[in-house]
Amino acid sequence: MFTLSLSSQDQRDLARNLTTFLSQYKYISDSYIIEFFTEDLWERLPAQWREVLCGLSFPQIADLLLDTKCQEKRYPSAWPLSLLAFRATAHALSFPRRAGQGGAVDPVEEFLKNHSQSSMLSHIFRKHVKPKKQHEIRKLGSLVKQLCDQTNCQAVVDVGSGQGHLTRFLSFGLGLSVTAIEADQRLVTMATKFDEELRCTLEKEKTRDGPSHLSKSGPSPHHVVGWVNPKASWELFLRQLREAECTAAAPSPLDCSSRKRRRNSAELDQTQAPLATGPEPSALSIPFSVSATTPPPHCSTNSFGCSPHGRHSEELAGQSDKSLVLTGLHACGDLSATLLRHFVECPHMRGITSVACCYMKITTREYPSPPGLVVAPPAPALAPAPQDLLDRPRLFADNSDGCCPGEFGYPMSSWVRGLPGHGLSYKAREGACHAMEDYLQRLREGSLLLRTHCYRATLETVIREARPEMRRVGVQTIKKAHLLPFTEYARLGLARLGLPPSLLLEPGRLEAMLKQEARVVVYFSLALLLAPAVETLVLLDRIIYLQENGVKSKLLPLFDPELSPRNFVLVAMKTDC
């Protein structure tokens, strides 16, 4: 299942070609569309390109530039060879975003009966879950189960688990032993609440219909509140994970009737209870400001080999040969890279499925602290925790013990790091997060949403002429901006920045800019054409990193890109499994 699609040499050649190609067109991928007028972006394009692109309709932009599937391309005029080569190279160097036919289920079929309910997922796993997430947990959960079977692992660690939708499917639906790690206390509180609801539903079905149809249902998952430090070693990660398992409370006995009474009472009172005042059943809440101490003596042996006396990393590692599989569904920024490094270095980690997102938050040597970088969250503002909770070890929060030198999220591989021009700017990586399929649909429909590019670029000109120091300032989202006349849009935008509406330019200049809406969309589309190539380089770097460390891997376009734009799953397992 996990044979490489490309040989090692093919991977390296592709990486070299990508860095060469992307370096040549940095002036497009690194530009900000809001600076279309202030930086005169249109004039940066070759004159022959401008001549044939300026008259394209929005559907023609979709068919002639972006869509890889369009077979019958009808050009209104002859395109220069350099533009045709640019488009062909961008498509050829990018990983295909859709899987081969191979019996894959069409999402239209999956949601044919009900657009919000997957027909291929049990109703108990659809509650509280949007269609996109239903599609993702069904596909990724099945893949994780296959990986567990191949590696002979039953223990899974779900990192960045959110509200626990994937965790519940793996545990209750596929019979795996799952520990879920999530940095946001509120999401963990919701996850444990949803776990309880699902357990009550299963109990009711068992009482009414006999044994549950989920014959492989495993133990209730453990939820852990913690931030995974990218600078910490795998030994510290594993030790703290085991200690968290030791101190995590077991699920409380079910009392669905009392739970219903509590809910009804709350509804009658019309009051909203606080999020939490302590750890929920099956959830571990650890303040981040507490020093590490020995965990409580009361814990049973678990899937990660935790001793009954809470011994530390050396003893834990020595007395446990238990193995595990890592998974992360849209693990943000450096988190995906960190999990891959832990997987490579830790002998207990046998397999991994990694779905990345938020490439702009990845650290690089040039951008060690990019905007939006995920850092250790502060301690949650909850009621004072019990003393026994304060005595528990801090989870994944610092780099004071067992750390390794800081490493960047890109590049990971020695090969890519040595290639000239391998650097990727923040803007290029941010562009790689855009939803190509959604934008294609907007172009074909001639959506009014497309005019917001030109609106914002025009507003940037207004702002910069009045306040040159206010460059690329963030303007809070203006609702339904595409339905407003520009003057109203500008008035609202300027007010958000504390600027008077009198700053508007002379009407003739404004009208001339707004008439260039099509050019703005064309330029944005050229940058979007490069986005899949940027994403390919980031993911290929991770494939090569694994290959350099003797690990087989494969990249799968597992999700339908129209439902889940970040649809690639990097799957790897160690060969001695």
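Counting restarts for each chain, with residues numbered from 1 along the sequence as it is written. Under the rules for a predicted model, residues below a pLDDT of 70 receive no local features and side-chain atom pairs below 80 are neither given nor counted, while totals for whole chains, interfaces and linings still include all residues. Hydrogen atoms and water are omitted, and side-chain values are computed over all heavy atoms in the structure.

### Digging into the pattern of salt bridges
Salt bridge, as used here: a side-chain nitrogen of Lys or Arg that lies within 4 Å of a carboxyl oxygen of Asp or Glu. Considering all chains together, one arrives at 30 salt bridges under this definition. Between arginine 50 and glutamate 43 there is a salt bridge; the shortest N-O distance is 3.6 Å. Each residue is assigned to one of three classes by its accessible area relative to the maximum for its type, calculated with a 1.4 Å probe on protein chains only: buried under 20%, partly exposed between the two thresholds, exposed over 50%. For arginine 50, a relative accessible area of 18% puts it in the buried group. Overall, the relative accessible area of 44% leaves glutamate 43 in the partly exposed class. Among the salt bridges present, the one from glutamate 535 reaches arginine 566, with a minimum N-O distance of 3.0 Å. One end of the pair, glutamate 535, is in helix 21 (residues 517–548); the other, arginine 566, is in the loop between strand 7 (552–557) and strand 8 (568–573), and 31 residues separate them in sequence. The class for arginine 566 is buried, based on a relative accessible area of 8%. One network of salt bridges, with partners in common, ties together Glu35, Glu39, Arg44, Arg456, Glu460, Arg464, Arg471 and Arg472. The secondary structure listing takes helices from DSSP runs of H or I that are at least 4 residues long and strands from runs of E that are at least 2 residues long, numbered from the N terminus.

### Quick notes on helix 13 (residues 334–345)
Multiply 1.5 Å by the residue count of a helix minus one, and that product is the helix's expected span. Between its first and last C-alpha atoms helix 13 spans 17 Å; for 12 residues at 1.5 Å apiece the expected length is 16 Å, and the two agree. When you tally the buried positions in helix 13, you get 11 out of 12 residues, the bulk of the element. What helix 13 keeps buried is the set Asp334, Leu335, Ser336, Ala337, Thr338, Leu339, Leu340, Arg341, His342, Phe343 and Val344.

### Some remarks on the nonpolar core
The nonpolar core is taken to be a set of buried Ala, Val, Leu, Ile, Met, Phe, Trp, Tyr and Cys residues, with the residues joined through side-chain atoms within 4.5 Å. In terms of nonpolar packing, the biggest core is built from 111 residues, with Leu53 and Phe86 touching the most fellow members. Considering every element that reaches this core, the biggest residue donor is helix 21, with 20 residues. Look past the residues within four positions of leucine 53 in its chain and what remains in contact with it is Trp42, Trp79, Leu83, Val522 and Leu526. Working rule for contacts: check all heavy atoms of both residues, and any pair within 4.5 Å makes them a contact.

### Examining helix 17 (residues 436–445)
Residues Met436, Glu437, Tyr439, Leu440 and Leu443 constitute the buried set of helix 17. Along the axis of helix 17, the buried positions cluster into a sector of 160 degrees, meaning they face one direction only. Buried residues along helix 17 sit in contact with helix 4 (58–66), helix 18 (451–466) and helix 21. At the exit of helix 17 stands glycine 446, carrying a positive phi of roughly 60 degrees. Relevant arc is that of directions from the helix axis to the C-beta atoms, nothing else.

Remember, this is a structural readout, not a statement about activity or role.
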